[in-house]
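# Chain and residue survey
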Amino acid sequence: MRSIDRVAVIGAGVMGAGIAAQVANAGVEVLLFDRPQSEGEDRNAIAKGAIASLLKSNPAALMVKGNAQLITPVNTEDDLDKLGTCDWIIEAIIEDVAIKQGIYRQLEQHRKKGSIVSSNTSTLRRKDLVEGMPSGFGQDFLISHFFNPPRYMRLLELVGGDETPDELMDLVDNFCDIKLGKGVVRCKDTPGFIANRIGIFWLQCAVIEAIDQGISIEVADAVIGRPFGIPKTGVFALLDMVGLDLMPHVLGSMAEYLDADDPFHKIYREPVLIKEMIADGYTGRKGKGGFYRLKPDSPDKVKEAIDLATGKYSKALRPTVSIVKKAGRKNPRKVLDDDSAAGRYAWSVMSKTLSYAASLVPSVSEDIGAIDQAMCLGYNWKYGPFELLDQIGVSWFTKQLSAKGEVVPEFLTKVGGDGFYRRKQGQREYLSSGGQYHEVKSRVGVLKLEDIKARGRPVAKNPSASLWDLGDDILCLEFHSKMNSLNLWTLNMMEKAISKIGESEFKALVVYNDGSNFSVGANIGLMAFAAKIWAFPFIDYMVRRGQDTYKALKFAPFPVVSAPSGLALGGACELLLHSDAVQAHAETYTGLVEVGVGIIPGWGGCKELLCRWALAKDGPKGPMPPVSKTFELIGLAQVAKSAAEAREMKILRPSDGISMNRDRVLADAKAKAIDLAEGYVAPEPVEIILPGESGQVALDLAVSGFRKSGKATAHDVVVSAALSEVLSGGNTDMTAKVSEDTLLELERKAFHKLCRHPDTIKRVNHMLKTGKPLRN
């Protein structure tokens, strides 16, 4: 069976190197090509420099630094013969058809027969890239448009041609989906494909309308943001991130290749202000600033915003736009229907953008779901344009267009009362360009909790958590409190899950939710409130209850599989540590961070992580090294920046699974739970040898040194002393073994003491107020 086992990337710029990094993150070897260094002895210096930059990049391009070993630096003069070993060659060079075709002709002389060649172009059409190329090249050629940064942006647009075999398209599609974690959208061969075709129109429209209507960039970003499910960066902050200097090239390409009657031409112009900004080095965050900047020579890092009329900077404001508050996050029509300056601006931008999206069906895609997915994954919109139109009300929107004398796209006239999407007997359906509804089908290997929820009722539910039947006798525990924080309701549902499985046909539990974050941990707001009214026994009760619940899950007569994505901090990390197995999304960020609010892990996290290090076959030997490593991880509140890094920290075991694609996590976790349930035997409690007081003295001495050098605060010393006592085993010595229950008792005692400390209470309150740790 044909597979992709080795990849080459031509072009070691930001995008090319980023693509190479993500291929390496998938565990696949990759050759990174660039031109040879003209000076010096090392002709691969440019590609090597790109790899060095990957290792220093922030946010990190590599999920673990060791993945860089899978990237081989090479050059396009000496090493093209190595292409014969590659199954897929990705070109990521300058957006110029002639230059790209020059590279393709070189590739043709060296690549193996049947290998795939693709371009990472963002705007050029495939037919222009293959025109005049040797016979047969087009059969192996397609466009694979990654978004920047390739590790974090999930969208990949795939464009084939009439001569492209289905087998080749499916091969690349599946590789990008399963191995690279991409949401693959197949597009027609049109300028800008889908996401940039709509996204660039939206950005350009927002800039031009703000200039013409005299809207400040702060108001523009506020109104074109939360009400429409668009990130808080809005428009102008997003352009600063992308880079103002890139926009003229993209806009120019769109203007060149789009048909003369395309609505884009009505909004296409290059404002003088933006030309001057680029010329002066104000290209965005990578330059001296952009629409926003940090005030030069300002020690306080004062944020400034540009005046679109004068070009002068002044302190950036946080405007209170009343219609934004009224609309909240679920009623964009209130913004569009408001006759204020902000409302008129929102209408002028979003009505044009949504109408434009509707006018592109079926020319860019006949599937509105693909268009919505492209905007959600490529521009981080919460809702795609057609989902937004359903929220706004298609009938109302169409009537508004007509009343204002604006063109109503033909596709909008085909929508009845059900909207673009509807649910029929629990199944989601979408409206096709022909006006008929069709079933929204998930890819093979994808299971969505939202579909499970739409088809039935929960097995059990409370304000913070629910239980759902996933089928095949697997039960799912879902968190749905604010930020999925953990509280007594959550613990109660965990206990209910244990009893439900014990008394029914269910045979395993999967812990999963559709939120952007698995859980931010225990709700410290409850702790702050209890401390305020001196209800410390309640805090002690919560600690004991959490320990007992997690212990019951660990030793339950059925397997527990946790399936995290995004943040899994504090108490959520402790849940992972108590699970029989973890099936994590690759972008899982987890760690025991409690010291940041002046406490230590209290639900068994200290005990579990310590035992992982003490019993690890590949870990350091002796009583002290595991204690020192665990003390470092917890004491510094280290957070894994990927699931792979969590495995290095031993929060994940070698046997735990990692799903590169977020959409596949639940199905993968369910499959793991089914496998574990067969002949399942609960684990036995363990005992470990710890150094006792001598270990505590050594750790405290190290912290004292940090305090003297100014690297640790006074309360850091207090918290570290409590942590060192727990991890060292209290008053034990190296001739005795320490049980799990003893470690839990030590955790409770330390937590009991720390939660009453006034400096801990200050840390908790400061975190709740500012979202940042207090260094006291």
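Up top is the structure.
Quick summary incoming for the structure in this document. Computed from a predicted structure; not experimentally measured. Residue positions within a chain follow its written sequence, with the count starting from 1. Side-chain atom pairs in this predicted model are given and counted only at pLDDT of 80 or more, local residue features only at pLDDT of at least 70, and totals for whole chains, interfaces and linings cover all residues. Hydrogens are left out, water is left out, and the side-chain values use all remaining heavy atoms of the structure.

## Thoughts on the sheet that holds strand β6 (residues 141-146)
With mixed pairing, eight strands are arranged side by side in an open sheet as β3-β2-β1-β4-β5-β6-β7-β8. Strands at the two margins of the open sheet, each flanked by one partner only, are β3 (71-75) and β8 (183-186). Strand after strand, the sheet turns through a mean of 25° between neighbouring axes, direction not considered. Packing against the sheet, helix α5 (residues 166-179) makes contact with β1 (6-10), β4 (88-91), β5 (116-119), β6, β7 (155-159) and β8, and its axis sits at approximately 155° to β8. Being paired, for any two strands, means DSSP has found at least two bridges between them. Strands are runs of DSSP state E lasting at least two residues, helices are runs of H or I lasting at least four, and both sets are numbered from the N terminus onward. For helices, the fitted line uses only the C-alpha atoms of the stretch in contact; every axis is such a line through C-alpha atoms, and the angle between N-to-C directions lies from 0 to 180 degrees. In this description, contact between two residues means that some pair of their heavy atoms is separated by no more than 4.5 Å.

## Some words on the pairing of strand β18 (residues 508-511)
Burial along β18 is two-sided: Ala508 and Val510 and Leu509 and Val511, pointing in opposite directions, are all buried. Alignment of strand β17 (residues 474-479) against β18, held across four bridges, turns out to be parallel. In the strand pairing of β18, Leu475 is matched with Leu509. With its strands directed away from the observer, a crossover is right-handed exactly when the path from the first strand over the helix to the second travels clockwise. Handedness of the crossover joining β17 and β18 through helix α19 (residues 488-503): right-handed. Working definition: with a 1.4 Å probe on protein chains only, accessible area under 20% of the residue-type maximum means buried, over 50% means exposed, and in between means partly exposed.

## Regarding the packing of aromatic side chains
In summary, the pairing rule links any two rings of Phe, Tyr or Trp, Trp by its six-membered ring, whose centres are within 6.5 Å, and it sorts them by plane angle into stacked for under 30 degrees, edge-to-face for over 60 and tilted for everything else. Within this structure, the stated rule accounts for 19 aromatic pairs. Judged by centre distance (4.8 Å) and plane angle (80°), the ring pair of Phe236 and Phe291 falls under edge-to-face. Of this pair, Phe236 sits in helix α8 (residues 236-242) while Phe291 sits in the loop between α11 (272-279) and β9 (292-294), and the two are 55 residues apart along the sequence. Classification of Phe236 as buried rests on a relative accessible area of 0%. Between Phe411 and Phe420, the aromatic rings sit 5.3 Å apart at their centres with planes inclined by 50°, giving tilted as the arrangement. Residues Phe411 and Phe420 agree in their burial class; the two are buried. Residue placement shows Lys303 over the ring face of Tyr292; its charged tip is 4.6 Å from the ring centre. Two limits define a charge over a ring: the Lys NZ or Arg CZ must be within 6 Å of the ring centre, and within 35 degrees of the ring normal. Positioned above the aromatic ring of Tyr421 is the side chain of Arg428, whose terminal nitrogen or guanidinium carbon lies 4.0 Å from the ring centre.

## A short note on α5
End to end, α5 covers 19 Å across 14 residues, agreeing with the expected 20 Å (1.5 Å per residue, within 8%). Along α5, the positions that sit buried rather than exposed are Leu168, Met169, Leu171, Val172, Asp173, Phe175, Cys176 and Asp177. Buried residues in α5 make contact with β1, β4, β5, β6, β7 and β8. The positive-phi residue at the C-terminal boundary of α5 is Gly181, with phi of around 75°. Multiplying one less than the number of residues by 1.5 Å gives the expected span of a helix.

## Let's talk about the packing of helix α6 (residues 195-213) against helix α15 (residues 368-379)
At a minimum axis distance of 9 Å, the contact between α6 and α15 shows a crossing angle of 65°. Every pair of crossing elements has a handedness; the one defined by α6 and α15 is right-handed. Across from Ala195, Asn196, Ile198, Gly199, Ile200, Trp202 and Leu203 in α6, the residues of α15 making contact are Ile371, Ala374, Met375 and Tyr379. Gly is put with the polar residues, along with every residue not named as nonpolar or charged; the nonpolar set is Ala, Val, Leu, Ile, Met, Phe, Trp, Tyr, Cys and Pro, and the charged set is Asp, Glu, Lys and Arg. Along the lines of polarity and charge, the residues of the contact of α6 with α15 split into nine nonpolar, two polar and no charged. Handedness of a helix crossing follows the sense of rotation of the near helix relative to the far helix, less than a right angle counterclockwise being left-handed and clockwise being right-handed.

## Here we look at the nonpolar core
By nonpolar core we mean a set of buried residues, namely Ala, Val, Leu, Ile, Met, Phe, Trp, Tyr and Cys, connected to one another through side-chain atoms within 4.5 Å. Formed by 115 residues in total, the largest nonpolar core has its most connected members in Trp202, Phe236, Phe291 and Phe420. With residues near it in sequence (within four places) discarded, Phe291 still touches Ile217, Phe236, Leu239, Asp240, Leu244, Ile274, Met277, Glu304, Ala305, Ile306, Leu308 and Tyr313. Formed by 76 residues, the second largest nonpolar core is a distinct cluster that contains Leu467, Leu592, Val597 and Leu652.

## A look at the pattern of salt bridges
Salt bridges are counted wherever a side-chain nitrogen of Lys or Arg sits within 4 Å of a carboxyl oxygen of Asp or Glu. Under the defined criterion, the tally for this structure stands at 48 salt bridges. Here Arg35 and Asp34 are joined by a salt bridge, their closest N and O atoms 3.6 Å apart. What makes Asp34 buried here is its relative accessible area of 12%. Between Asp42 and Lys48 there is a salt bridge, with its nearest N and O atoms 2.9 Å apart. What emerges from the salt-bridge pattern is a single network uniting Asp170, Asp173, Asp177, Arg186, Arg443 and Arg664.

## Some words on a nonpolar patch on the surface
Exposure above 30% relative accessible area and the lack of any salt bridge qualify a residue for a patch; like charges then connect within 9 Å, and the nonpolar side chains Val, Leu, Ile, Met, Phe, Trp and Tyr within 5 Å. Note on areas: Shrake-Rupley with a 1.4 Å probe; residue coverage comes only from the protein chains shown. Taken together, the side chains of Met241, Val242 and Leu246 make up a nonpolar region of the molecular surface, amounting to roughly 240 Å² of accessible area. Within the fold, Leu246 resides in the loop between α8 and α9 (247-257).

## A look at unusual backbone geometry
Of note, the amide linkage connecting Asn58 to Pro59 takes the cis form, showing an omega dihedral of 5°. For Pro59, the position within the fold is in the loop between α2 (45-56) and β3. Backbone torsion omega between Val361 and Pro362 reads 10°, so that peptide bond is classified as cis. At Asp473, a position not held by glycine, the phi torsion is positive, near 65°. By the secondary structure assignment, Asp473 is in the loop between β16 (465-469) and β17. Of note, Ala637 is a non-glycine position whose phi angle comes to about 50°, a positive value.

## As for empty space enclosed by the protein
One water molecule sets the probe size; rolling that probe over the atoms shows where empty space is left. Using a 1 Å grid laid over the protein atoms alone, points where a 1.4 Å probe fits but cannot get out form a cavity; open sets with protein on both sides within 12 Å along at least 5 of 7 lines form a pocket; any residue with an atom within 4 Å of a point counts as lining. Grid points are joined across faces, edges and corners, and a volume is the space filled by probe spheres set on the points. Under the defined criterion, the tally for this structure stands at two cavities of 30 Å³ or more. By volume, the largest cavity is sized at about 140 Å³. For the largest cavity, the lining is made up of 14 residues, of which Gln204, Met247, Leu251, Pro271 and Ile274 are closest to its centre. Mapped by element, the contributors of at least two residues to the lining of the largest cavity are α6, α9 and α11. Here the residues of the lining of the largest cavity are counted per class, giving ten nonpolar, one polar and three charged. Taken as a whole, the second largest cavity holds about 30 Å³ of empty space. Lining the second largest cavity we find Gly591, Leu592, Leu609, Leu633, Ile634, Gln638, Met649 and Ile651.

## Digging into the sheet that holds strand β11 (residues 313-315)
The antiparallel open sheet is built from three strands, whose spatial order is β9-β10-β11. Across the chains shown, the open sheet's two edge strands, defined by having one partner strand only, are β9 and β11. Neighbour to neighbour, the strand axes of the sheet diverge by 40° on average, direction disregarded. When strand β10 (residues 303-306) meets β11, the two strands line up antiparallel, connected through three bridges.

## Concerning a positive patch on the surface
Residues scored as positive are Lys and Arg, those scored as negative are Asp and Glu, and His as well as the terminal groups of each chain are ignored. Taken as the charge centre is NZ of Lys, CZ of Arg, CG of Asp or CD of Glu, depending on the residue. A cluster of like positive charges, contributed by Arg226, Lys325, Arg329, Lys330 and Lys382, occupies part of the molecular surface. By secondary structure assignment, the location of Arg226 is in the loop between α7 (217-223) and α8.

## Quick word on α15
Its twelve residues place the ends of α15 16 Å apart at the C-alpha level, agreeing with the 16 Å of an ideal helix rising 1.5 Å per residue. Of all twelve residues making up α15, ten are buried, and the element is well covered by its neighbours. Capping the start of α15 is the job of one residue whose side-chain oxygen sits 2.8 Å from the backbone nitrogen of Gly369: Asp367. Just downstream of α15 lies Asn380, where phi reads positive at about 60°. In the analysis that follows, any N or O atom pair within 3.5 Å is treated as a polar contact, provided that within protein one partner can donate a hydrogen and the other can accept it, and provided that, for residues neighboring in sequence, both atoms belong to side chains.

## Re the packing of helix α23 (residues 605-615) against helix α24 (residues 624-635)
At their nearest, the axes of α23 and α24 sit 9 Å apart, and the two run at 135° to each other. By the angle between their directions, the pair α23 and α24 is classed as oblique. The handedness of the crossing between α23 and α24 is right-handed. When α23 is examined against α24, the residues Cys606, Leu609, Leu610, Trp613 and Ala614 are found in contact with a partner set consisting of Pro626, Val627, Lys629, Thr630, Leu633 and Ile634. Relative orientations are named as follows: roughly parallel for angles under 35 degrees, roughly antiparallel for angles over 145 degrees, roughly perpendicular for angles from 65 to 115 degrees, and oblique for any other angle.

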